[in-house]
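Structural characterization, general
Chain by chain, the residues:
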Amino acid sequence: MLSNNLKKAGTQFLRAAPSGTKAAARSQLAPAMFSTRFALNASAPVTTFSYSNPIMEAPINVRFFSAIPTSTVAPTDKSADQRKFSALSADVIKMLREELEAVDVNKDGKIDADELKQLLRKHKGVFREAEILEISELYYSGNAGKSVPIDNLLEAIDGTLKNKDGKQNVLNAGRCAAEYYYDLNHHKWNEDELNIELTHIKPKTIADRLAYGAVKGVRLGFDTATGWNHEITTSKVMQRVIFLETIAAVPGMVAAIIRHFKSLRSMERDGGLINMFLEEATNERMHLLTFVRMRDPSILFRASVIGAQFGFGTAFLLAYIISPKFCHRFVGYVEEEACSTYTKIIHAIETAPEGSELAEWRTQKAPKIGISYWHLGENGTVLDLMKAVRADEAEHRDVNHSVVNMKPGDVNPRYDPTLRLDSALNKYVRDMMTRNPKEESAKIA
């Protein structure tokens, strides 16, 4: 109480202080500070009060002695009326606040992971249940189990609408989840994602040119050996894709194993790349397991796979130990070729004359394992399957090229938990804003 009274008296005096020097101000203030009938303990804790007056030459630091221990008090959050929302109107903020407060079960003014889960379940037309569980897990791990004040969450939501480049992390969440969590909704492609553009990264470095030359050389030899030319048949397609997928599943597993051991040795995080490459290897293996349901390879074919896998696996392992960047660039170029091949196959199926074997793939149902893995629907066709596989290869292409340019501390380019949270908050607020047509047209259009 005494400390508070002294501070109050000092503050009032300083605000009313006439112009003068720093020393003069202190001399005038001293009697007011120490003329008290209470005995003060000179060894008691000290609190420094800083006041800056534009009339004076410099800020004045005044020491107030307290007879009772003082504690450090963290600055309080900004009050709601001090917060600035540049993308959300007052009506939308009110609507968001009401919904957030409605799921705040313990009424502490904060939203925890379970409460966020209930919030998103009110928007099941926008979020699938698997997506809701994923987002709530990322929210929990990103905030180390802590709840987020509603006002802070509103600011974060406002920030997602201001964010133009998609790289902000509006909640300032951690990325721990990248080390153990991965996208559970992966490989459920929508129509827009199935429209793949053929892209090419031009070689810039010596390693890039070596990788590109190696891929072109291997492709030329393989095309010649398998008779792959301008004539595309179902037999040639099956022979080609089955053999290639047995090899394509090797790089991801090799990269994951080496990075795993490196993480153990260095006792450092890997940024989620281990999970990504394990998933890439699994994805390529799923291609294989789906295609072999359409054609059973011969014993000779299987023997050639064993030899190729041993040779390529050994070479890639040694190369990755020497230069991971070279290997990822190599895989990126391999996937460019894969996208080109699957695009030709899809075009051949779509333009094949009625009655031909290729034309049958437009209506023939895909294997059950493929329908379940890619969520192709009950009547998913082989053509649908080919489009989904091409989308996978395009993702592998982009990811491996991007990994080449990653720096220490960067996170998995395919799955950054913080950006995933930003995206979820953005999707949520946009759904809320559609309930206010005027606001939607003004802010989103």
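Here we summarise the structure given alongside this text. (Residues numbered from 1 in each chain as written. Predicted model: local features only at pLDDT ≥ 70, side-chain atom pairs only at ≥ 80, totals over all residues. Heavy atoms only, no water.)

1. Some thoughts on the nonpolar core
Val237, Val241, Phe291, Ile345, Trp361, Trp374 and Met386 are the most contacted members of the largest nonpolar core, which totals 40 residues. Counting only elements with at least two residues in this core, the list comes to helix H9 (234-266), helix H10 (273-291), helix H11 (299-322), helix H12 (324-351), helix H13 (357-360), helix H14 (368-374) and helix H15 (382-404). In terms of residues, this core owes the most to one element, H15, which gives eight residues. Excluding residues within four positions of it along the chain, Trp361 makes contact with Thr234, Val237, Met238, Met294, Ile349, Thr381, Val382, Leu383 and Met386. One finds Ala87, Leu88, Ala113 and Ala424 within the second-largest nonpolar core, a separate group that totals 34 residues. (Core = buried A, V, L, I, M, F, W, Y, C linked by side-chain atoms within 4.5 Å. Buried < 20%, exposed > 50% of the residue type's maximum accessible area, 1.4 Å probe, protein only. Helix = DSSP H or I, 4+ residues; strand = E, 2+ residues; numbered from the N terminus. Contact = heavy atoms within 4.5 Å.)

2. Description of the packing of aromatic side chains
Tallied over the entire structure, the rule returns eight aromatic pairs. With a centroid separation of 6.1 Å and an interplanar angle of 40°, the aromatic rings of Phe316 and Tyr320 are classed as tilted. In this pair, Phe316 and Tyr320 both sit in helix H11, four residues apart, roughly one turn of the helix. The class of Phe316 is buried, set by a relative accessible area of 6%. The exposure class of Tyr320 is buried, given its relative accessible area of 2%. (Phe/Tyr/Trp six-rings, centres within 6.5 Å; stacked < 30°, edge-to-face > 60°.)

3. Some words on the pattern of salt bridges
Counted under the stated rule, the structure contains 15 salt bridges. For Glu129, the salt bridge identified is with Arg121, shortest N-O distance 2.6 Å. The salt bridge involving Glu337 is made with Arg219; its shortest N-O contact spans 2.8 Å. A residue pair is termed long-range when its members are at least 10 positions apart, and Glu337 in helix H12 and Arg219 in helix H8 (residues 206-226) qualify at 118 residues. (Salt bridge = Lys/Arg side-chain N within 4 Å of Asp/Glu carboxyl O.)

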